[in-house]
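# Survey of secondary and tertiary structure
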Amino acid sequence: MKIIMLGAPGAGKGTQAKKIADYYHIPHISTGDIFRANIKNGTELGKKAKEYMDQGLLVPDELTCDLVTDRVAKEDCANGYILDGFPRTIPQAEALERALNAMGTDMDYAVNVDVPDANIVNRMAGRRACLNCGGTYHLEFLRPKTEGICDTCGSELVLRDDDKPETVQKRLDVYHAQTQPLIDFYENKGILKTIDGTQEIDKVFADIIQILGE
Ligand code: ADP
Ligand code: ADP
Ligand code: ZN
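This report concerns the structure included in the present document. As the structure is a prediction and not an experimental result, all values here were calculated from the model.

What follows concerns the pattern of salt bridges. Following the criterion strictly, the structure yields 13 salt bridges and no others. Note that K164 and D161 form a salt bridge whose closest N and O atoms lie 3.5 Å from each other. A network of salt bridges, in which partner residues are shared, links R127, R160, D162, D163 and R171.

The peptide bond linking F86 to P87 adopts the cis configuration, its omega dihedral lying at -5 degrees. Counting through the fold element by element, P87 comes out in the loop between strand 3 (81-84) and helix 5 (90-102).

To continue, consider the sheet that holds strand 2 (residues 28-30). If you walk across this open sheet you meet the five strands as 2-3-1-4-7, and the pairing is parallel. Among the strands making up the open sheet, the edge pair consists of strand 2 and strand 7 (192-196). On average, each strand axis in the sheet is tilted by 20 degrees relative to the strand beside it, whichever way the strands run. The sheet contact formed by strand 1 (residues 2-6) and strand 4 (residues 109-114) spans four bridges and is parallel. Residue pairing in the sheet places M5 in a bridge with V111 of strand 4. In the packing of helix 8 (residues 181-189) onto the sheet, contacts are made with strand 1, strand 4 and strand 7, and the angle to strand 1 comes to roughly 150 degrees.

This paragraph deals with the site of ligand 2. Looking at ligand 2, there are 19 residues lining it, with G10, G14, T15, R127 and Y137 nearest. Between G14 and ligand 2, the recorded distance is 2.8 Å, taken from a backbone N or O atom to an oxygen atom. The contact in question runs from a nitrogen atom of ligand 2 to an N or O atom on the side chain of R123, over 3.5 Å. For the shell around ligand 2, the secondary-structure elements that each account for two or more residues are helix 1 (13-24) and strand 6 (136-138). Each residue belonging to the shell around ligand 2 can be placed in one class, and the counts come to seven nonpolar, eight polar and four charged.

What follows covers the coordination of the zinc ion (ligand 3). Around a metal, the perfect tetrahedron of four donors has angles of 109.5 degrees, and the perfect octahedron of six donors has angles of 90 or 180 degrees. Taken together, the protein donors to the zinc ion (ligand 3) comprise C130 (SG), C133 (SG), C150 (SG) and C153 (SG), at separations of 2.3 Å. All donors of the zinc ion (ligand 3) belong to a single chain; written as a sequence motif, their spacing is C-x2-C-x16-C-x2-C. Within this pair, whereas C130 is found in the loop between strand 5 (127-129) and strand 6, its partner C153 is found in the loop between strand 6 and helix 7 (165-179), the two being separated by 23 residues in sequence.

The next thing to look at is the site of ligand 1. For ligand 1, the set of nearby residues contains 20 residues, the closest of which are T31, L57, R88, R127 and R171. Here R88 contributes a side-chain N or O atom positioned 2.8 Å from an oxygen atom of ligand 1. Taking R127, its side chain carries an N or O atom lying 2.7 Å from an oxygen atom of ligand 1. Relative to its free-state accessible area of 560 Å², ligand 1 is covered by the protein chains to the extent of 96%.

Criteria and cut-off values
- Residues numbered from 1 in each chain as written.
- Chains lettered and ligands numbered in written order.
- Predicted model: local features only at pLDDT ≥ 70, side-chain atom pairs only at ≥ 80, totals over all residues.
- Heavy atoms only, no water.
- Salt bridge = Lys/Arg side-chain N within 4 Å of Asp/Glu carboxyl O.
- Helix = DSSP H or I, 4+ residues; strand = E, 2+ residues; numbered from the N terminus.
- Pairing = 2+ DSSP bridges.
- Axes fitted to C-alpha atoms, helices over the stretch in contact; angles between N-to-C directions.
- Contact = heavy atoms within 4.5 Å.
- Near = heavy atom within 4 Å.
- Polar contact = N/O pair within 3.5 Å; in protein donor to acceptor, adjacent residues only side chain to side chain.
- Nonpolar A, V, L, I, M, F, W, Y, C, P; charged D, E, K, R; others polar.
- Donors = N, O, S within 2.8 Å, 3.2 Å for Na, K, Ca; no water.
- Areas by Shrake-Rupley, 256 points an atom, 1.4 Å probe, with all protein chains shown as cover.

Here it is in structure tokens:
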């Protein structure tokens, strides 16, 4: 099963993508996590990506598309995967489609986690991230067992630089301008499934599984 997660920043894509990946035993591929790992490791890609990420802007397609099309060609993706945070622009979606068609395959579902902007600012302000394993928590909605510490790997949790309120509004603007058009793109392909992302985490997940199948 090959799945794309769509939705505004903070809609819960990453939270759901992890659960879906565990459930179907497929890799979870998050471009945001890949960029943050590169920043942490001080790579050239990380340095370039950071300039854009800190401003709430998208990393250019030239730095993003090959990263993903190479990743999905790897052996562990043979039985499917879940893309979280990619594609984010129409050119990225087209690049993905070309790469998949060249491999004789195509995406199965685009899951749109629908959350209005009004709910997003609160979600982002309370988000705490583990930059070591990509784990995500929330001060109110998904608290770690020990305050400030990742349940999975024991690292310290942080407020991401780009989750500060001044950057969140910029990211929402970028989402509406550049990413939201993908909803129509996948609707036209007949693979769009929209889920009410304002519900509790487990209910959102249950709705997704109901649509994708056991
Ligand atoms: P969120 O989960 O809150 O939407 P991500 O972790 O997916 O955030 O992305 C964080 C930042 O990384 C984005 O604001 C953007 O700068 C960059 N980024 C991630 N994925 C992409 C992509 N597919 N294209 C361009 N930039 C991206
Ligand atoms: P995205 O990957 O779309 O940017 P995340 O999965 O990181 O979003 O979720 C954003 C924040 O909201 C995180 O702190 C997460 O714990 C929290 N969250 C995710 N889903 C829900 C939900 N259904 N209800 C309340 N909070 C949620
Ligand atoms: Zn962790």
